[in-house]
Amino acid sequence: MQFNIEDTTTLLNIMKNRRDVRGNRFLNKEVEEEKILKILQAGLTAPSVGYSQPWKFILIQDAKIKNSVFQNFEEENNKARKIFKDKTLYKDLKLEGIKEAPVNLAVLYKEPQEKILGMTSQSKMGEYSVVCAIQNMWLMARALNIGLGWVSILEENKILKLIKAPKNTKLIAYLCLGYVDEFLEVPELKSLGWEDEKTLNECLIIR
């Protein structure tokens with residue numbers, strides 16, 4: 001299959017307009033099942049080390065589970081506030097949408113029970129493969145005009161227990177999905193001055 005310049009332009013626009021969505025953006029509107037499935041299917045198309053496909057997805061719509069996960073977020077976020085006490089902006093940031101988003105999605109890494117091609121020297125490659133699946137889902141969600149937010153201020157072992165995760169799995173991401181009132185033109189943390197955007201020259205090293 002060959003692609004043209006319009007395809008590459010569209011792909012780049014989707015990438016540039018992807019946003020990490022917070023709870024104050026989600027609408028009280030259900031996400032259609034076929035669109036959820038399309039987002040999950042995008043995750044399945046991701047590259048994986050040794051074609052291991054080590055991902056597991058747990059779809060969470062139950063309000064009780066969401067509330068329990070939110071309580072864990074609150075506990076962990078209180079710890080984080082102490083770490084970032086010198087950044088007064090932190091206390092005003094809305095950093096999750098666990099209860100507001102109609103769909104929560106836990107993305108897990110299934111630990112292999114045998115040797116995997118490509119992981120004999122770098123054991124983290126399986127987990128990195130799962131991150132590739134997450135990026136695919138994020139881009140597909142944006143292409144469907146559905147917001148996605150990644151909640152990382154959670155205690156992994158407690159969350160795994162709350163969502164009754166399968167044995168020998170690790171929590172890679174806890175995602176919130178839903179329609180939103182708007183997609184910000186500029187990433188929120190950038191517009192608030194939390195960090196400056198890095199240029200290619202700052203990131204590129206040529207040997």
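This structure is a prediction, so every number in the text was calculated from the model and none was measured.

How each quantity is defined
- Residues numbered from 1 in each chain as written.
- Predicted model: local features only at pLDDT ≥ 70, side-chain atom pairs only at ≥ 80, totals over all residues.
- Heavy atoms only, no water.
- Helix = DSSP H or I, 4+ residues; strand = E, 2+ residues; numbered from the N terminus.
- Buried < 20%, exposed > 50% of the residue type's maximum accessible area, 1.4 Å probe, protein only.
- Contact = heavy atoms within 4.5 Å.
- Salt bridge = Lys/Arg side-chain N within 4 Å of Asp/Glu carboxyl O.
- Lys, Arg positive; Asp, Glu negative; His and termini not counted.
- Polar contact = N/O pair within 3.5 Å; in protein donor to acceptor, adjacent residues only side chain to side chain.
- Pairing = 2+ DSSP bridges.
- Axes fitted to C-alpha atoms, helices over the stretch in contact; angles between N-to-C directions.

1. Details of the side chain of Arg-22
Step number 1: Mapping Arg-22 onto the fold places it in the loop between α1 (5–16) and α2 (33–44).
Step number 2: Accessibility expressed as a relative area gives 10% for Arg-22, which makes it buried.
Step number 3: Beyond its immediate chain neighbours, meaning those up to four positions away, Arg-22 contacts Lys-94, Leu-95, Glu-96, Glu-188 and Leu-189.

2. Digging into unusual backbone geometry
Step number 1: Backbone geometry at Gln-53 places phi at a positive 45°, although glycine is not the residue there.
Step number 2: With respect to the helices, strands and loops of the structure, Gln-53 is situated in the loop between α2 and β1 (55–60).
Step number 3: Although it is not a glycine, Asn-168 adopts a positive phi angle of roughly 60°.

3. Examining the pattern of salt bridges
Step number 1: Across all of its chains, the model carries 14 salt bridges by this definition.
Step number 2: As a salt-bridge pair, Lys-158 and Glu-75 come within 3.9 Å of each other at their nearest N and O atoms. Residue Lys-158 is found in helix α5 (residues 156–162), and its partner Glu-75 is found in helix α3 (residues 63–83); the two are separated by 83 residues along the sequence.
Step number 3: Taking the shortest distance from any N to any O, the salt bridge between Lys-170 and Glu-111 comes out at 3.9 Å. With Lys-170 in strand β4 (residues 169–178) and Glu-111 in the loop between β2 (103–110) and α4 (125–143), this pair connects stretches of sequence that are 59 residues apart.
Step number 4: Residue Lys-170 is classed as partly exposed on the basis of its relative accessible area of 26%.

4. Section: the side chain of Arg-142
Step number 1: Mapping Arg-142 onto the fold places it in helix α4.
Step number 2: For the buried residue Arg-142, which engages in no salt bridge, the nearest side chain bearing the opposite charge is Glu-182, 9.8 Å off.
Step number 3: In this structure the side chain of Arg-142 is engaged in a polar contact, spanning 2.8 Å, whose partner is the backbone oxygen of Asn-17.
Step number 4: Non-local contacts of Arg-142, meaning those with residues more than four positions away in its chain, are made with Ile-14, Asn-17, Arg-18 and Phe-183.

5. A word on the sheet that holds β4
Step number 1: Overall, antiparallel pairing links the four strands, which are arranged β1-β2-β4-β3 in an open sheet. Only two strands of the sheet have a single neighbouring strand rather than two, namely β1 and β3 (147–151). Between one strand axis and the next, the sheet turns by 25° as a mean value, whatever way the strands run.
Step number 2: By the bridge criterion, eight bridges tie β2 to β4 in an arrangement that is antiparallel. Bridge pairing in β4 places Ala-106 opposite Tyr-174.

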